[in-house]
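Residue-level structure breakdown
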Amino acid sequence: MKRCGSVHLWLWRSVVLICLVLGVSAVNGESKSDTHHHGNGSSITGIPIVSFKWHHVETPYLIVLWILVAGVAKMVIEANHHVTSVIPESALLICVGFLFGGIIWGADQKQTFSLTPTVFFFYLLPQIILDAGYFMPNKLFFSNLGGILIHAVIGTCWNAASVGLSLWGCHQGGAMGDIDIGLLQYLLFGSLIAAVDPVAVIAVFEEVHVNEVLFIMVFGESLLNDGVTVVLFNVFDAFVSLGGEKINAVEIIKGIISFFVVAFGGSLVGFVFGLLISLLTRCTKNIQIIEAGFIFVLGYLSYLTAEMLSLSAILSIAFCGICCQKYINANMDEKSVITVKYVMKVFANGSETIIFLFLGISAIDKTIWVWNTGFILLTVFFVFVYRCIGVFFLTWIQNKFRLVPLEVMDRIIMSYGGLRGAVAYGLAMMLDENKIKEKNLMIGTTLIVVYFTVILQGITMKPLVTWLKVKRASANEITLIEKVQNKVFDHMLVAIEDISGQIGHNYMRDKWKHFEEKWMSWFLMKPSARKKHDLVFDVFHQLNLKDAMNYVAEGERRGSLEFIRNETAFIDFKKKFADEYSEAMPDITVDMSDSYAAHSSMRRDTVPSISLELHDQNTNGLRETEDINTHHLLQQHLYKGRKQHRHKYSRSHFTVNQDENEVQEIFQRTMRTRLESFKSTKMGVAPPKTITKHPKKDQQQKMPNGKSTDNGKYCHCDDDDFEFSGDDGASGYDPSAGSFPMRVTYRPGAGIENPVFMPDLDPMAPMQIPPWLAEAELDSSTVALSQRAQTGLPWTPSNLQRLAPLRISTRSTDSFMMADTPPPPPPPAKDTK
Amino acid sequence: MGSRASTLLREEEIEEIKKETGFSHSQITRLYSRFTSLDKGENGTLSREDFQRIPELAINPLGDRIINAFFPEGEDQVNFRGFMRTLAHFRPIEDNEKNKNSSASEPLNSRTNKLLFAFRLYDLDRDDKISRDELLQVLEKVDVEQKMSIRFLH
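Because the structure is a prediction, the values reported are computed rather than measured. All residue numbers refer to positions counted from 1 along the written sequence of the respective chain. For naming, the first written chain is A and the first written ligand is 1, with later ones following in the order written. Given that this is a predicted model, residues contribute local features only at a pLDDT of at least 70 and side-chain atom pairs are listed and counted only at 80 or more, while totals for whole chains, interfaces and linings are drawn from all residues. In computing side-chain properties, one takes all heavy atoms of the structure into account and sets aside hydrogens as well as water.

Quick notes on a nonpolar patch on the surface
Which entries qualify depends on this criterion: Patch criteria: residues need more than 30% relative accessible area and no salt bridge. Like-charged residues are merged within 9 Å; nonpolar side chains of Val, Leu, Ile, Met, Phe, Trp and Tyr are merged within 5 Å. Accessible surface is estimated by sampling points in the Shrake-Rupley manner with a 1.4 Å probe; for residues, cover comes only from the protein chains shown. Basic side-chain nitrogens of Lys or Arg form a salt bridge, by our definition, when they fall within 4 Å of a carboxyl oxygen of Asp or Glu. Here a helix means four or more residues in a row that DSSP labels H or I, a strand means two or more in a row labelled E, and each is numbered from the N terminus.
A cluster of nonpolar residues, A:Trp512, A:Phe515, A:Trp519, A:Trp522 and A:Phe523, forms a patch on the protein surface that exposes about 600 Å² of accessible area. Along the chain, the position of A:Trp519 falls in helix 20 (residues 505–524).

Observations concerning unusual backbone geometry
Rule in force here: Working definition: with a 1.4 Å probe on protein chains only, accessible area under 20% of the residue-type maximum means buried, over 50% means exposed, and in between means partly exposed.
A positive phi angle is found at A:Ser310, which is not glycine, with a value near 55°. As for its placement among the helices and strands, A:Ser310 is situated in the loop between helix 12 (291–308) and helix 13 (313–331). Given a relative accessible area of 48%, A:Ser310 falls into the partly exposed group. Positioned with a positive phi, B:Asp128 is a non-glycine residue whose angle comes to about 65°. Mapped onto the fold, B:Asp128 is located in the loop between helix 9 (111–122) and helix 10 (132–138).

So, the pattern of salt bridges
Counted according to the given criterion, the structure contains eleven salt bridges over all chains. As a salt-bridge pair, A:Asp131 and A:Lys345 come within 3.3 Å of each other at their nearest N and O atoms. Highlighted residues: A:Asp131 in helix 5 (residues 117–134) and A:Lys345 in helix 14 (residues 334–361), separated in sequence by 214 residues. A:Lys345 carries the same exposure label as A:Asp131, and that label is buried. Connected through shared salt-bridge partners, B:Glu16, B:Glu20, B:Arg81 and B:Arg85 make up one network.

A short note on the UniProt feature "domain: EF-hand" (unreviewed entry) in chain B
Quick note on the threshold: UniProt positions are given in the numbering used here, feature names are shortened, and annotations may be inferred rather than shown by experiment.
The UniProt feature table records "domain: EF-hand" (unreviewed entry) at residues 26–61 and 110–145 of chain B. Between the end C-alpha atoms of residues 26–61 of chain B the distance is 31 Å, and the span holds 64% helix and 6% strand.

A word on the nonpolar core
The test is simple: The nonpolar core is taken to be a set of buried Ala, Val, Leu, Ile, Met, Phe, Trp, Tyr and Cys residues, with the residues joined through side-chain atoms within 4.5 Å.
Counting 143 residues, the largest nonpolar core has A:Trp66, A:Phe120, A:Leu125, A:Leu167, A:Leu357, A:Phe375 and A:Ile413 as its most contacted members. The leading source of residues in this core is helix 10 (residues 212–242) of chain A, at 16 residues. In terms of nonpolar packing, the next biggest core, distinct from the first, is built from 31 residues, B:Leu57, B:Leu62, B:Met84 and B:Phe117 among them.

Observations concerning the environment of A:Gly147
For clarity, the threshold we go by: We call two residues contacting when some pair of their heavy atoms lies within 4.5 Å.
Here A:Gly147 is to be found in helix 7 (residues 145–173). Residues contacting A:Gly147, with those up to four places away along its chain left out, are A:Met217 and A:Gln398.

Structural notes on the packing of helix 10 of chain A against helix 11 (residues 249–282) of chain A
All names here are of chain A. Going by this rule: Fitted lines through C-alpha atoms serve as axes, helices being fitted only where they are in contact, and the angles separating the N-to-C directions of these axes extend from 0 to 180 degrees. Working definition: roughly parallel below 35 degrees, roughly antiparallel above 145 degrees, roughly perpendicular at 65 to 115 degrees, and oblique for all remaining angles. Left-handed is the label given to a crossing in which the near helix is rotated counterclockwise from the far helix by less than a right angle, and right-handed is the label when the rotation is clockwise. Following the grouping adopted for this structure description, the nonpolar residues are Ala, Val, Leu, Ile, Met, Phe, Trp, Tyr, Cys and Pro, the charged ones are Asp, Glu, Lys and Arg, and the polar ones are all others, Gly among them.
Viewed as axis vectors pointing N to C, helix 10 and helix 11 meet at an angle of 150°, and their least axial separation amounts to 9 Å. Regarding the angle of helix 10 to helix 11, the classification is roughly antiparallel. Helix-helix and strand crossings are classified by hand; for helix 10 and helix 11 the assignment is right-handed. Counting all contacts with helix 10, which are made through Gly-227, Val-228, Val-230, Val-231, Val-235, Phe-239 and Leu-242, the residues of helix 11 involved are Glu-251, Ile-252, Gly-255, Ser-258, Phe-259 and Val-262. For the contact of helix 10 with helix 11, the residue count by class is nine nonpolar, three polar and one charged.

Examining the packing of helix 10 of chain A against helix 13 of chain A
Residue and element names in this part refer to chain A. In the contact formed by helix 10 and helix 13, the axes pass within 7 Å of each other and the chain directions differ by 140°. In this view, helix 10 runs oblique relative to helix 13, as classed from their interaxial angle. On the side of helix 10, the interface is formed by Leu-223, Leu-224, Asp-226 and Gly-227, while helix 13 contributes Ala-313, Ile-314, Leu-315, Ala-318 and Phe-319. Tallied by class, residues from the contact of helix 10 with helix 13 come to seven nonpolar, one polar and one charged.

Below you can see the structure in the form of structure tokens.
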């Protein structure tokens, strides 16, 4: 990234951003005045040619405009990597939000845009949790589940109780002055501020790549503690409504029971929906184009269902994602899997950006700020201290049972990583102001706590991790042999547990795996997927795909596929890739890297361990001709034109080209053009001039068999003969005839002309039926013949001087004699358009 | 089960095993009862068939190799001492053990011994080398023709 260039861009972009926001607020102001006018009755004096119907589109317009603003803000922020490596992006977004809030406040004198609980809980949060669940590393999660649950349940309860009680104690002690909050309200406040927030955790830990056990502990806790938070919040809310007198043992027991019901019920709902998705994807073979959508629809439904039943919605959608990931990846078409991955990332990142932006904007609102120094400072202090105490105590207990104890440094980071975020703010906004007089104070305090954790702790997290020398995530993926070895160890441990007769961790996991393979996979996975499901070769397949993609990308980048045929070619992938791509690809998913090679395709800076060796010594001198050559090669062999055209004609089928048809088509066209030129030579028409032989003819040889026949041709056609620009060539068609439209772009002057790819100029075009279908029978004979002719070079002297030494020609006299049966082709259109 | 175990396992033996393997008293007793329950022939030793009778081991891909690891070179029966010795490889390493053990041999569950055990899993013919074939055998048998084919770009 060039520094000076980026500064200009940054300035320009921020100006655009500010204008957008000003526009938004201005428009909003205008809309208010509009509504006044509109209320006066709609009497028109004449027919308006054009009218400004703002009120018509106001709501969706504003929504989309805000999404755009959030996106542009993120773009501006991400343009400065040197800033984002110090201050996490979430903190920067909040600051930008402050800025916008200030602008809007200045324009409107009130905060027209703020984060309402409905919008947050229904439209912004679900996709983030779905994304978290879908990309959750299952094995890691479930092996640490015990620890995670301890922290989520006991830790959150401890946080809530301790913060609430301490604040109440301080209140009694008079540290807060005169505010009207009772014990129950303190406990309620404690419960909403206690929850660690998944959004904030992801946002901050993303920059800091800590080791995965640490990450999964904090992250898993932040996900699962929603079950507790919801229960506590509702219970205390009910208590506050009931009043202090009605609380007795029964109510408390009911509260405890509701915890179990809410938590397990939510998980169960999510699990059921996950199964539903897997079942559905099992049968979606015929609608592959939309099968990616099912996950989002059903995921969201699981969220809403749990919300409807007053169960934990976050747990529900998280478990939905966790359960279905394996079956979806097995059942769906590969393209759909990739679609789901990327779309989920888009939604999640977009939501996160909007959330943080609005967290900043909502702050600039005079109505919510009730300042009570004691309350606020004490809250921040207690939240921090009790988190540390809680984590240390619980991990100390855990270490007694863990095989690999958690180190002190990890524990420090765990306690430091207890970030509060938008969920706390959302819950605070949901408080009833009639019951809780000091709602605004609580909102303000919550915001301050959120800012403290996200901004301050976010900024200091990375230096702290480096300073404490916390074990980081391993930079490279483990090699294949390591993965195999891990599997060997797993099997070994299970066997020993079986022999020694104990029901251990490994035993349970193994039992679950067998149950799952036997019953659930049978039920939920497509039969074809079940057969192919072997992990070692999945990894190999992924690596191969990655290699193939890198290979092609490298070839295109270097402008030629010359190095294909040069066996001694060597390209230093590491150097080139590391430099080029390390900057270009923002690490969205780095800390979510999990199974095998699934995500490494998103991380371009890791080079596959199976790399190809190609050396590029010879390409420099022949660069230009190479380029021309490459263009032509690519035109010929990658079939770009056809692909682009096909999908325009069908919304339901995005099929890749069926090779047989293409090959047929090529044969057919080849034969036709060959025939016409042969006829012309036979009839004494001016023989076409020979083309300058390109030294690199033999690369034709390497093309796989399916296309070699089209390469095996004479290049009798000269540059002059077919001298028209690409567009003209295409226009040579008569589109109204309804024949297959060919928009192959043709570059004149290329070394090798392939007549197949000359746009079809002859009046064969007006045929209604695609030629390859009409002449199928005829063509088959010619096709068969040309393949036979391939094996032996025709030795007619006239051919020799036109043929390149190694080119296989199908222009044996026999084939042309026999091919006289198709209608005689019209004279070749040598004149150009 | 319990009464049988206590009569057949004397205190001195338990002490010896404890010193050698590092298991605790209760662990040794429990494992002894497991040993006797596996020992259908009731002759104080386990044979390969006794191991194979464990149903979960049959479906474990490495089952045979693990069973082989229990039997020292050439023998077909393993007594309780041998049984415990093999199982001791899997005990978690504790920090304080590093200081306590001043005797010549390392404790059975040290890192080196664990690695030795793992090595022996691969080395089927016990020649102290892992040959290429032995390594290949560890990889699971799958449909190679199907799996190792990709459609190359034309």
